[in-house]
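Residues per chain are reported as follows:
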Amino acid sequence: MLRPAGEARYLPRVAHQPDNLWIAAALVAWFGQSARELPWRSAVGAPAGCRRDPYRALVSELMLQQTQVGRVVDKFRAFIEAFPDAATLAAAPEERVLACWSGLGYYRRAKLLHAAAKEIVRSHGGVVPSSVGSLQGLPGVGRYTAGAVASMACGQAVALVDGNVARVLFRIRGRDATQGDAADMAWAWEDAEELVAGAAAAGVDVPALNEALMELGATVCTPAAPTCDRCPVRERCTGFAQSRQSSIPRPKPAGVRSVITCDAVAVLDDRGRILLEQRPATGMWASMWQLPTIEEAGRGRRDREKVAAWIGLGDADQLRRLERFTHTTTHRDVRFTLWMYRSAAVPAGGGSPGRVWKSRDELGDLGISNAQRRMIARAFESALSTGGATLPVRPRR
DNA sequence: AAGGCGGGGAT
DNA sequence: ATCCCAGCCTT
């Protein structure tokens, strides 16, 4: 019997999931009615042959890695305004890129995106490549991100799997998966590729299907308490049929959260400037600016003499404690103590080479984590409310 | 294969 | 409090 080349290869796989075409069609139809309006879904700037600007798609996908949509929207708009294309981004100093990434977290992504822009200029003539292979060769672009740009921006019929897609597929198939498990993610990729192959063969809009899977995971098929009464594929969902939707995937065993104790010192001069230092280029808050800060594992506290000595400020009596708070991230608790150093005499170099005075107006041009921004704001507020009687201070010559 | 990397929304 | 998010890179 004659059949087209290649058909025999995937036909058994399609037959393995006979609901796939129905599911794909239902998802695409639902997405047409339910899609949120998001800035990176605009067709603005899309070159011929693309539904969206691949550069904007790349920026949005990097920002969206492990980060929820609601926290990205405004940052994305500002970033695109500052760096409207790959060439502009490639030519920008890293300082400005990190400033635009402030508050988003996972700051390595900003450096990787910056490097990707340079690579796009050097090797791709300033045009974001459209093949999965070329995309995945860019810094910061893995299998998911490459699939997302190739599919949703460039219209290609390739699969993509992120946390949302994986969860949706686990539930539809009734797979007893564990959150973040590598074998389960591999299964999800195979399942998504099978779904996409069948959809493409039937003429279904694959980019819309991919985006529908993600949108469903983000808005309906949510991790806890999915709203199945709003789900377009409920009637073909094994998890729902078995009332297991809320226990798929199983949560990963909780990891141990380490504790770090930090003492940060705000030093202001009589011109309203504040003393800052830049963190190392790797590790937590890489290359971000901060108040002079001591960082130590564990929950031990330093007294004011020790803080003054470690920070390199001479007069411990001028150190006043402003606040304590705990900054919690996924992997650790960072216990901050914020100090104000009020003295007419600040050691040369702020007590340590590499520290610089920055005015309040300049802070927007610097990469600064949210925890540090909070403390800096508190310090300025305190200085203003206290008045000039004991402040400001002047750097010692 | 496992660990590191932010910050906040949802529950 | 705990979980997880449009993941990726390094070891």
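Below you will find a few notes about this structure. Only a predicted model underlies this, so the values are computations on that prediction, with no experimental measurement involved. (Residues numbered from 1 in each chain as written. Chains lettered and ligands numbered in written order. Predicted model: local features only at pLDDT ≥ 70, side-chain atom pairs only at ≥ 80, totals over all residues. Heavy atoms only, no water.)

**A closer look at the protein's contact with DNA strand C**
- Inspection of the region around DNA strand C gives 27 residues, with Gly140, Thr145, Asp162, Asn164 and Arg167 positioned closest.
- Taking the atoms of DNA strand C that fall within 4 Å of the protein, sugar and phosphate contribute 62% of them.
- The separation between a base nitrogen of DNA strand C and a polar side-chain atom of Arg41 is 3.5 Å.
- Breaking the surface near DNA strand C down by element, the ones donating at least two residues are helix H3 (54-64), helix H7 (108-124), helix H9 (143-153) and helix H10 (163-173). (Near = heavy atom within 4 Å. Polar contact = N/O pair within 3.5 Å; in protein donor to acceptor, adjacent residues only side chain to side chain. Helix = DSSP H or I, 4+ residues; strand = E, 2+ residues; numbered from the N terminus.)

**A word on the protein's contact with DNA strand B**
- Around DNA strand B there are 20 residues in total, and Arg108, Trp285, Thr330, His331 and Arg332 lie nearest to it.
- Within 4 Å of the protein, the atoms of DNA strand B are drawn from sugar and phosphate moieties in a proportion of 55%.
- Grouping the amino acids of the surface near DNA strand B by side-chain chemistry returns five nonpolar, 12 polar and three charged. (Nonpolar A, V, L, I, M, F, W, Y, C, P; charged D, E, K, R; others polar.)

**Focus: the sheet that holds strand E6 (residues 332-341)**
- Spatially, the four strands line up as an open sheet ordered E4-E1-E6-E5, and their pairing is mixed. Edge positions in the sheet fall to strand E4 (293-297) and strand E5 (319-328), since each of these pairs with one other strand and no more. Here the strands of the sheet are splayed against their neighbours by 15° on average, with no regard to which way each runs.
- Across 10 bridges, strand E1 (residues 258-267) lies against E6 in parallel orientation. Counted as the bridge partner of Thr261 is Arg335 from E6.
- Helix H14 (residues 304-311) contacts E1, E4, E5 and E6 of the sheet and is inclined by roughly 110° relative to E4.
- Sheet strands in contact with helix H15 (residues 370-386) are E1, E4, E5 and E6, and its direction is about 150° off that of E5. (Pairing = 2+ DSSP bridges. Axes fitted to C-alpha atoms, helices over the stretch in contact; angles between N-to-C directions. Contact = heavy atoms within 4.5 Å.)

**Considerations on a positive patch on the surface**
- Taken together, the side chains of Arg301, Arg304, Arg321 and Arg324 make up a positively charged region of the molecular surface.
- The topology assignment puts Arg321 in strand E5.
- Here Arg321 falls in the partly exposed class, since its relative accessible area comes to 46%. (Patch = residues over 30% accessible without salt bridge, like charges linked within 9 Å, V, L, I, M, F, W, Y side chains within 5 Å. Areas by Shrake-Rupley, 256 points an atom, 1.4 Å probe, with all protein chains shown as cover. Salt bridge = Lys/Arg side-chain N within 4 Å of Asp/Glu carboxyl O. Lys, Arg positive; Asp, Glu negative; His and termini not counted. Charge placed at Lys NZ, Arg CZ, Asp CG, Glu CD. Buried < 20%, exposed > 50% of the residue type's maximum accessible area, 1.4 Å probe, protein only.)

**Concerning the pattern of salt bridges**
- The full count for this structure, using the stated rule, is 20 salt bridges.
- The partner of Asp19 in a salt bridge is Arg236, with the nearest N and O atoms 3.2 Å apart. Of this pair, Asp19 sits in the loop between helix H1 (7-16) and helix H2 (20-34) while Arg236 is found in the loop between helix H12 (206-219) and helix H13 (238-241), placing the two residues 217 residues apart along the sequence.
- The class for Arg236 is partly exposed, based on a relative accessible area of 27%.

**A few points about helix H11 (residues 182-201)**
- Relative to the 28 Å expected for 20 residues at 1.5 Å per residue, H11 spans 29 Å between its end C-alpha atoms, a close match to the ideal helical length.
- Along H11, the positions that sit buried rather than exposed are Asp184, Ala188, Trp189, Asp191, Ala192, Glu194, Leu195, Val196, Gly198 and Ala199.
- The backbone nitrogen of Ala183 lies 3.0 Å from a side-chain oxygen of the residue at the head of H11, namely Asp181.
- Just beyond H11, the residue with positive phi is Gly203, at close to 85°. (Expected span 1.5 Å × (residues − 1).)

**Description of the side chain of Gln245**
- Secondary-structure assignment places Gln245 in the loop between H13 and E1.
- Setting aside anything within four residues of it in sequence, one finds Gln245 in contact with Arg171, Pro226, Cys228, Gly239 and Phe240.

**Let's talk about a negative patch on the surface**
- A cluster of like negative charges, contributed by Asp303, Glu305, Asp315 and Asp317, occupies part of the molecular surface.
- Mapped onto the elements, Glu305 comes out in helix H14.

**A look at the nonpolar core**
- In terms of nonpolar packing, the biggest core is built from 66 residues, with Tyr55, Phe79, Trp101, Ile274 and Leu291 touching the most fellow members.
- When residues of this core are assigned to their parent elements, the largest contribution, seven residues, is made by H3.
- Shared between two domains, this core holds at least three residues of each, these being domain 1 (10-247) and domain 2 (258-395).
- If sequence neighbours within four positions are ignored, Leu291 has contacts with Ala264, Val265, Ala266, Ile274, Leu275, Leu276, Glu277, Leu338, Gln372, Met375 and Ile376.
- If you look at the next biggest cluster of nonpolar residues, it comprises 38 residues, including Ala26, Leu27, Ala177 and Val206. (Core = buried A, V, L, I, M, F, W, Y, C linked by side-chain atoms within 4.5 Å. Domains from an automatic or database assignment.)

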